[in-house]
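# Understanding the architecture of this molecule
What follows is each chain in one-letter form.
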Amino acid sequence: MRAAMEVCLCDVVSYVVMNEFPGSNEPTPEAAGSPVHPSSQIAAHYPLESDDPVRVGDYWLDSRLTATRAGMVFTAHEDDSDSVMVILLAQGAAADHAARARFAGEINAMHIDTVVARGGQGQDDGRLEVRYRSEDDDPVVADHAPLAPWVAMAFDGSRLAVMEAERVLHAVDLAHTPPLGAPSGPDYKLHWSDNTAHGTTRLWPLPWPGRKDRAGWISMLVSWLLMMLIAAVAILLAILVFQNQPPVSPPPPIPSQGSGSGEPASGSPSGSADPGTEPSRSDSPSMQQPSGDESGPGDPTPNKRL
């Protein structure tokens, strides 16, 4: 009796499960071995390398997605914006005019909603030139190389988006382009295919020395307050140093040529006087008494008994 009740209970549970969850016993596509569409796969992210740029245009790089001989693909974000996929041409492809033209042609053929922004050399024309972002306001030295072409595309995090970026790069390096005729002779290789370093980028304004990440508003505020404090201390020290200087006495007056002495002026004879001019007198009293030989006419003779 007890065994019969357990069998009935198991049948009831199986019936309820099959009616409530009709697809629970069906095999999944992964278990059945059927291929999964790339749009349902999540793209693999890799850490940035030490020589990768910190920022491309206005976008801060977050991780690597893939790379070919023509360039590399990153995930990036702008300030207060969603994540995008940035394609940056390699140094060899960026220096070749034909490679830049093929890259610009692939970008101009895309939908306008797919392309978020673009920049670099040779990317300011075509159907999607409205997405071009100029960096002419950055300081440039005469010997600086032109900026490498780049594009920021909408990214949904799927493997299908990464495959689209690889298609663009393979169109630049001609990896999947079929030959026009029957191949014969030596193999063909692009002259810039070995130069796979990232193209020229520019970071402005410059970050703090020794750091490669951006500074937040708290760091900017603290640095500004510190700068103002240093300037105020410098002004206070200058005031304290210069306000305690001892007073400087004025220089003594320079005496005039004929004041205070009865000596004749230089250049005139000692025994003669210029007619029509009176001899200069000194109004200042003198403590010296003239001797008998030096007394002039009209002067009283001093009493020798005194």
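Quick look at the structure, then. (Residues numbered from 1 in each chain as written. Predicted model: local features only at pLDDT ≥ 70, side-chain atom pairs only at ≥ 80, totals over all residues. Heavy atoms only, no water.)

Let us look at a negative patch on the surface. A surface patch of negative charge is lined by Asp124, Asp125, Glu129, Asp136 and Asp137. Structurally, Asp137 is set in the loop between strand 5 (115–119) and strand 6 (150–154). In this structure Asp137 comes out as exposed when scored by relative accessible area, which is 68%. (Patch = residues over 30% accessible without salt bridge, like charges linked within 9 Å, V, L, I, M, F, W, Y side chains within 5 Å. Areas by Shrake-Rupley, 256 points an atom, 1.4 Å probe, with all protein chains shown as cover. Salt bridge = Lys/Arg side-chain N within 4 Å of Asp/Glu carboxyl O. Lys, Arg positive; Asp, Glu negative; His and termini not counted. Charge placed at Lys NZ, Arg CZ, Asp CG, Glu CD. Helix = DSSP H or I, 4+ residues; strand = E, 2+ residues; numbered from the N terminus. Buried < 20%, exposed > 50% of the residue type's maximum accessible area, 1.4 Å probe, protein only.)

Within this structure, the stated rule accounts for eight salt bridges. Between Glu78 and Arg133 there is a salt bridge, and its shortest N-O distance comes to 3.0 Å. Separated by 55 residues along the polypeptide, Glu78 in the loop between strand 3 (71–77) and strand 4 (83–89) and Arg133 in the loop between strand 5 and strand 6 bring together distant segments of the chain. Its salt-bridge partner being Arg159, residue Glu166 comes within 3.7 Å of it at the nearest N-O pair. By relative accessible area, Glu166 is classed as buried at 17%. Each member of the salt-bridge network shares a partner with another, and the members are Glu49, Asp52 and Arg64.

Further remarks concern the sheet that holds strand 5. If you walk across this open sheet you meet the six strands as 1-2-3-4-6-5, and the pairing is antiparallel. Of all strands in the sheet, those with a lone pairing partner are strand 1 (55–56) and strand 5, marking the two edges. Across four bridges, strand 5 lies against strand 6 in antiparallel orientation. Bridging from a neighbouring strand, Val115 pairs with Met153 of strand 6. Strands in contact with helix 4 (residues 97–108) are strand 4, strand 5 and strand 6; relative to strand 5, the strand with the most contacts, it is inclined by about 160 degrees. Packing against the sheet, helix 5 (residues 159–173) makes contact with strand 2 (59–67), strand 3, strand 4 and strand 6, and its axis sits at approximately 15 degrees to strand 4. (Pairing = 2+ DSSP bridges. Contact = heavy atoms within 4.5 Å. Axes fitted to C-alpha atoms, helices over the stretch in contact; angles between N-to-C directions.)

This part takes up the side chain of Asp52. Here Asp52 is to be found in the loop between helix 2 (29–32) and strand 1. A distance of 2.7 Å separates a polar side-chain atom of Asp52 from the backbone nitrogen of Glu49. Looking at Asp52, its side chain comes within polar contact range of the side chain of Arg64, at 2.9 Å. Once residues lying within four places of it in the same chain are set aside, the contact partners of Asp52 are Arg64, Phe74 and His198. (Polar contact = N/O pair within 3.5 Å; in protein donor to acceptor, adjacent residues only side chain to side chain.)

Quick look at the pairing of strand 4 now. Among the seven residues in strand 4, six count as buried, and that is most of the element. Here strand 3 folds back onto strand 4 in antiparallel fashion, the turn holding five residues, of which Asp80 has a positive phi close to 55 degrees. Two elements, strand 4 and strand 6, share five bridges in a ladder whose sense is antiparallel. The residue of strand 6 that forms the bridge with Val84 is Ala154.

Another aspect to go through is a nonpolar patch on the surface. Nonpolar side chains collect at one region of the surface, where Trp217, Ile218, Leu221, Val222, Trp224, Leu225, Met227 and Met228 lie side by side and expose about 880 Å² of accessible area between them. By the element assignment, Leu225 lies in helix 6 (residues 217–243). Under the relative-accessibility criterion, Leu225 is labelled partly exposed at 47%.

Tyr59, Met85, Ile87, Phe103 and Val172 are the most contacted members of the largest nonpolar core, which totals 39 residues. For this core, the secondary-structure elements that each account for two or more residues are strand 2, strand 3, strand 4, helix 3 (91–94), helix 4, strand 5, strand 6 and helix 5. Apart from the residues lying within four places of it in its own chain, the contact partners of Ile87 are Met72, Val73, Phe103, Pro149, Trp150, Val151, Met153, Ala165, Val168 and Leu169. (Core = buried A, V, L, I, M, F, W, Y, C linked by side-chain atoms within 4.5 Å.)

What follows concerns the side chain of Ser158. Relative to the elements of secondary structure, Ser158 occurs in the loop between strand 6 and helix 5. For Ser158, a relative accessible area of 5% translates into the label buried. Here the side chain of Ser158 touches Asp156 through a polar contact of 2.8 Å, side chain to side chain.

On to the packing of aromatic side chains, then. Here the structure, examined in full by the defined rule, presents one aromatic pair. Across from the ring centre of Trp60, 5.0 Å away, lies the NZ or CZ of Arg55, which sits over that ring. (Phe/Tyr/Trp six-rings, centres within 6.5 Å; stacked < 30°, edge-to-face > 60°. Lys NZ or Arg CZ within 6 Å of the ring centre and 35° of its normal.)

Turning our attention to the packing of helix 4 against helix 5. Two numbers describe a pair of packed helices, the interaxial angle and the distance between the axes. The interhelical angle for the contact between helix 4 and helix 5, taken along N-to-C directions, is 145 degrees, at an axis separation of 8 Å. In the crossing of helix 4 with helix 5, the sense of the turn from one axis to the other is right-handed. Contact residues: helix 4 offers Ala99, Arg102, Phe103, Glu106 and Ile107, while helix 5 offers Arg167, Val168, Ala171 and Val172. Taken together, the residues of the contact of helix 4 with helix 5 sort by class into six nonpolar, no polar and three charged. (Left-handed = near helix turned anticlockwise from the far one by under 90°. Nonpolar A, V, L, I, M, F, W, Y, C, P; charged D, E, K, R; others polar.)

Here the structure, examined in full by the defined rule, presents one cavity of 30 Å³ or more. Considered as a void within the structure, the largest cavity measures approximately 40 Å³ in volume. Around the largest cavity sit Val56, Gly57, Glu135, Leu147, Ala148, Trp150, Thr200, Thr201 and Arg202, which together line it. (1 Å grid on protein atoms, 1.4 Å probe; cavity = no way out; pocket = protein on both sides within 12 Å on 5 of 7 lines; lining within 4 Å. Points joined across faces, edges and corners; volume = space filled by probe spheres on them.)

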